[in-house]
Structure formats: C-alpha cells, structure tokens
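What the coordinates show
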Amino acid sequence: MDPPRTSHLSPRKKRPRQMGALMASSPQDIKFQDLVVFILEKKMGTSRRAFLTELARRKGFRVENELSDSVTHIVAENNSGSDVLEWLQVQKIQASSQPELLDVSWLIECIGAGKPVEMTGKHQLVVGRDYSDSTNPGPLKTPPIAVQKISQYACQRRTTLNNFNQIFTDAFDILAENCEFRENEDSCLTFMRAASVLKSLPFTIISMKDTEGIPCLGSKVKGIIEEIIEDGESSEVKSVLNDERYQSFKLFTSVFGVGLKTSEKWFRMGFRTLSKVRSEKSLTFTRMQRAGFLYYEDLVSCVTRAEAEAVSVLVKEAVWAFLPDAFVTMTGGFRRGKKMGHDVDFLITSPGSTEDEEQLLQKVMNLWEKKGLLLYYDLVESTFEKLRLPSRKVDALDHFQKCFLIFKLPRQRLDSDQPSWQEGKTWKAIRVDLVMCPYERRAFALLGWTGSRFERDLRRYATHERKMILDNHALYDKTKRMFLKAESEEEIFAHLGLDYIEPWERNA
Ligand code: CTP
Ligand code: MN
Ligand code: MN
C-alpha cells in the first residue's frame, strides 16, 4: 500500500499563495482610495489574475497582492460565497472587517466603466448551499440568491464544459467504463449518473458537507468521493487502472469496429497488445476492423474543431451539389461546444422531394470515392416508418438512413496549421457520421444526435414524468394518444414542460 497522499483539495492543508511577479501600484496611481480589492487566484489561475490586476490598476483601482485587514472587496471567479469563506478560514491572515465577496463580473464592469460600479445581487456571491430552501440566511451581510434544488434528471440541469469537479468525474467515468467492460449495467449507470450530476455543479466539492442535497450520490459513490477528498485518489480507481482486463478492453475498443464482444474474445484468447492481435494469422477481421487498424494512429488522435470545420465545408459542398436546399448541421460533441471529438457528426435534411433524399448519401459517397476522399464507408439503409411508436429504450438506435465513414481530409483544406499534423503529412483519416432524416423529423433527430447523457435522461424524463415516449424520430403522448409535432428543439422541450437547455449546456 502506498502512503496516503495529502489531497490538494483537503481544506485542512494550507496552500501557499502564489503571487507571481505582480507589482503593487504606487499610491499616486490610485483613484479610488477607500476601495481595496483582493483577487482570489483559486480557480482563476495565476495568469488571469495577473492580467486582471494589471488592468484594474491601470484604471486607478487599488488591488492588493496579499490578503490583509485592509481589503474591502474580495473578487473571485467560479467560486461560490461558501468557497471563498472556506478559503478565507484556511488563511492565517483574517480579514477582520467583513469584506464584500464578489464575482469577477463586478471587477470587469468596473474596469470597463473606469470607476466602481454598483454591487447588485448578480455580483454578490452566494453563501450557503441549501438546495431546497430559497430563503437561507447565510453568514454574509448580503442577501443570498435563491439556489434551486438539483434535479435527478440531466435534462433539468445545465451542464457546460466548465467542470469544477473533474477530479471526481474522471474517477467515476473510469469506474463506469470498467463496469461497461464487465457488462455490469446497474453499476455502470450508478457511476455515470454520479459523474453527470457532478459535472453540472457550479462549485467544487471540498468536503462531504458539500454533497448534501445532491441527487444520484448513493453510499458507494459518497464513499469514493470521501476517499478522494481525503487521499487525493480512489484506491478502487487505481486498481481498475492497473487491471489487465480494463487495460486490454480499453486498448481493443480503441480500434474502430471493435466492441465488447470482440474485445472479450481477444482477451480470452490471451491477447494483450494490438500488435499481437494484428499479426495473429488465425484471426479474421471485419472490413470495419481492417480499416480501424489501417488508420489507427489517425483515428485515436482526436479530431480538432479546425479539422471538423474543414470536413464540414466538404460535406456541405458535396451535399449541396445534389440537393441545394438541404440543411447540413454539425451535431454530436462539436455542437455541444467540445474542442475535440472522436468523430464529426452531421445531420442532413431537405424540405424537397423524398426520392432525391433517398439517393443523396449514395451520391455523396460516389462523388468522394471518385475524388479519392473516402477511405471507408458503411451505408445503412433507412428502416424508418412514419407511424411507428417511439422506442422506450433510452439507447435504442434510430431508423434513419446513415453512413459511418472514414474521410481522407487533405491538408490543404485546413485553414491553419494543426499541431497534431507532423510535417510531410498530407492527409488525415477522420471518422465521420452522416445521418439523413425526413424534414418533419429534423428537430427530434437534431436533439437525439446532439447527444450525451443529457439526451438519455430526456427520454427517461419523458417516460417517467410525462407519460410520453421520446426518441430520435418522434414524441408520443400516451395520455392523448397522439404524436406531438415539433419544428425546433425548443418546441420539444416545451411539449415536455421543460425549460430550454442550450446545446452547450447539455454536456452531461
Ligand atoms: N448516435 C445514435 N445512433 C448511432 C450512433 C450515435 O443515435 N448509431 C447518437 C448518440 O446517441 C449520440 C450522438 O449520436 O447522442 C453522438 O454520438 P457520438 O459521436 O458517439 O458521441 P459525441 O457526443 O459526438 O462524442 P465524441 O466527441 O466522442 O464524438
Ligand atoms: Mn461525435
Ligand atoms: Mn458519432
């Protein structure tokens, strides 16, 4: 056993305050004498703090490098009032006069105005994390803003890519993946839901007290959180990462076309490396797996946004050559604002005639093949039926016509040089998914293909809370016994009685 590490999260341990090379302003530069600002580095980072300090000082604000008695305004970013108070308590120097606890937006507005602006509720940081009580009197003199109860459904939470609990969510993502490899669905779901709810929190969990009132955190999950708070890591995660089965499955499933069944087979046969698998004469591979091995290096290196945009231009060019009125939308992770993806997903739909639509994907494939832009493709024909009820299974595949392919992206199609492209490399293999849907189903398809756990919870919510069935094709109201039409994602949320959640808030 390793000796327990002291967590950098542990509130007991005092962290050294890094001041960097911040220079204090000389007294004559200060325009607003009775305002003494201290900017909290925690979660903001050294460089942003230095940048804001510099800007504020240029405008005549007194910004202190060190926390002292004289500080009147403490400015923080991505911290709640409780976070700041907790941080203050750990510091040896106590601010004796109760300073104002403010969000960085206040300082930015002051800098913009060139003078102190009025502090309103939107600037003041919330103290106390009571998710059920909107009139929680915190220890602050400022009135706390009402904090809503966190829903057990991801579709009732806003989850941006700004994850304050990555140390915990990484752990649960690994545990969930391990359960998936072991086909332990219940535990997989438990860990996925825990990771998902933690990703939506606007603060970092630093003590077990912070987990109170948060749904989807059972005793098993809480035990892991506690261990990470205390030791900085989870022994269970550590043993999963060292587990031979986990490592092998992780490796095997990184090959395009290799799923759990194939991984299981190779693992049982005693394979532990890809080179051994590839050189084994007795094994036969599918066409998809052969392509997966052939372009392995490119496909495991993630797709950047610049690459996705370049692919997008080419997809639109090709689609519009045959269907000029078609709508082409990038969906999946990139629509949710991710900077990297494992593939690029597109939804294509056209208000025009359905016959042209049916031929479109094949025509695009033929065109790309002729141009040498296609390394692999698998066209799946539509099994869509207008009157079919939506599927109750949250992870059921849809019935639209689609194409899973590997695109050969030429370097000259990129606007800027990409760090992942070595010199001399003239093209990169990129996984692309194209989906074609009937025009009147585009809102459902878009919602479904924008994805993440969010979308699964939306379907779960529809079933359990609204007696409706939602999938990538339609929304059916069981009480009214009718399909509910929608022209946009907003309308689907409205049918479900939910507040609209933007795509970049769906990173559950
Ligand atoms: N999807 C689907 N049917 C498939 C494959 C994918 O409905 N046969 C949906 C998934 O449910 C998901 C979305 O398409 O909601 C995007 O899937 P995917 O590309 O796998 O994930 P991303 O969220 O885009 O993440 P990444 O960046 O890793 O690609
Ligand atoms: Mn994707
Ligand atoms: Mn995809």
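Residues numbered from 1 in each chain as written. Chains lettered and ligands numbered in written order. Predicted model: local features only at pLDDT ≥ 70, side-chain atom pairs only at ≥ 80, totals over all residues. Heavy atoms only, no water.

Moving on, we come to the sheet that holds strand 14 (residues 482–483). Taken in spatial order, the three strands of this open sheet run 12-13-14, and their pairing is antiparallel. The strands lining the two open edges of the sheet, one partner per strand, are strand 12 (468–470) and strand 14. For strand 13 (residues 475–477) and strand 14, the ladder comprises two bridges, and the chain directions are antiparallel. When the bridges of strand 14 are listed, Asp 477 appears paired with Met 482. (Pairing = 2+ DSSP bridges. Helix = DSSP H or I, 4+ residues; strand = E, 2+ residues; numbered from the N terminus.)

Moving on: the coordination of the manganese ion (ligand 2). Distances from the manganese ion (ligand 2) to its protein donors, namely Asp 343 (OD) and Asp 345 (OD), fall within the range 2.0 to 2.1 Å. Between the manganese ion (ligand 2) and the manganese ion (ligand 3), a separation of 3.5 Å is found, and both are coordinated by Asp 343. (Donors = N, O, S within 2.8 Å, 3.2 Å for Na, K, Ca; no water.)

Attention now moves to helix 8 (residues 244–252). Within helix 8 the residues assigned to the buried category are Arg 245, Tyr 246, Ser 248, Phe 249 and Phe 252. Down the axis of helix 8, the buried side of the element spans an arc of 170°, and every buried residue falls inside it. Looking at the packing, one finds that the buried side of helix 8 touches helix 4 (166–181), helix 7 (235–241), helix 9 (260–268) and helix 10 (274–278). (Buried < 20%, exposed > 50% of the residue type's maximum accessible area, 1.4 Å probe, protein only. Arc of directions from axis to C-beta. Contact = heavy atoms within 4.5 Å.)

Interhelical geometry of helix 4 versus helix 8 gives an angle of 85° and a closest axis separation of 10 Å. Considering their axes alone, helix 4 and helix 8 lie roughly perpendicular with respect to each other. Touching Ile 174, Glu 177, Asn 178 and Phe 181 of helix 4 are Arg 245, Tyr 246, Phe 249 and Lys 250, all from helix 8. Its residues assigned to classes, the contact of helix 4 with helix 8 comprises four nonpolar, one polar and three charged. (Axes fitted to C-alpha atoms, helices over the stretch in contact; angles between N-to-C directions. Parallel < 35°, antiparallel > 145°, perpendicular 65-115°, else oblique. Nonpolar A, V, L, I, M, F, W, Y, C, P; charged D, E, K, R; others polar.)

Around ligand 1, a shell composed of 16 residues is seen, among which Gly 333, Arg 336, His 342, Asp 343 and Gly 451 lie nearest. Between ligand 1 and Gly 333 there is a distance of 2.8 Å, counted from an oxygen atom to a backbone nitrogen or oxygen. Notes on ligand 1: free accessible area 590 Å², of which the protein chains cover 75%. Contributing elements (two or more residues each) for the shell around ligand 1: helix 14 (332–335) and helix 16 (442–450). Considering only residue class, the shell around ligand 1 consists of three nonpolar, eight polar and five charged. (Near = heavy atom within 4 Å. Polar contact = N/O pair within 3.5 Å; in protein donor to acceptor, adjacent residues only side chain to side chain. Areas by Shrake-Rupley, 256 points an atom, 1.4 Å probe, with all protein chains shown as cover.)

Axis separation between helix 13 (residues 305–322) and helix 15 (residues 354–371) bottoms out at 9 Å; the angle between their running directions is 120°. Taken together, the axis directions place helix 13 and helix 15 in an arrangement best described as oblique. Both helix 13 and helix 15 take part in a crossing whose hand is right-handed. Of helix 15, the residues touching helix 13 (which contributes Leu 314, Val 315, Ala 318, Val 319 and Phe 322) are Leu 360, Lys 363, Val 364, Leu 367 and Trp 368. Here the residues of the contact of helix 13 with helix 15 are counted per class, giving nine nonpolar, no polar and one charged. (Left-handed = near helix turned anticlockwise from the far one by under 90°.)

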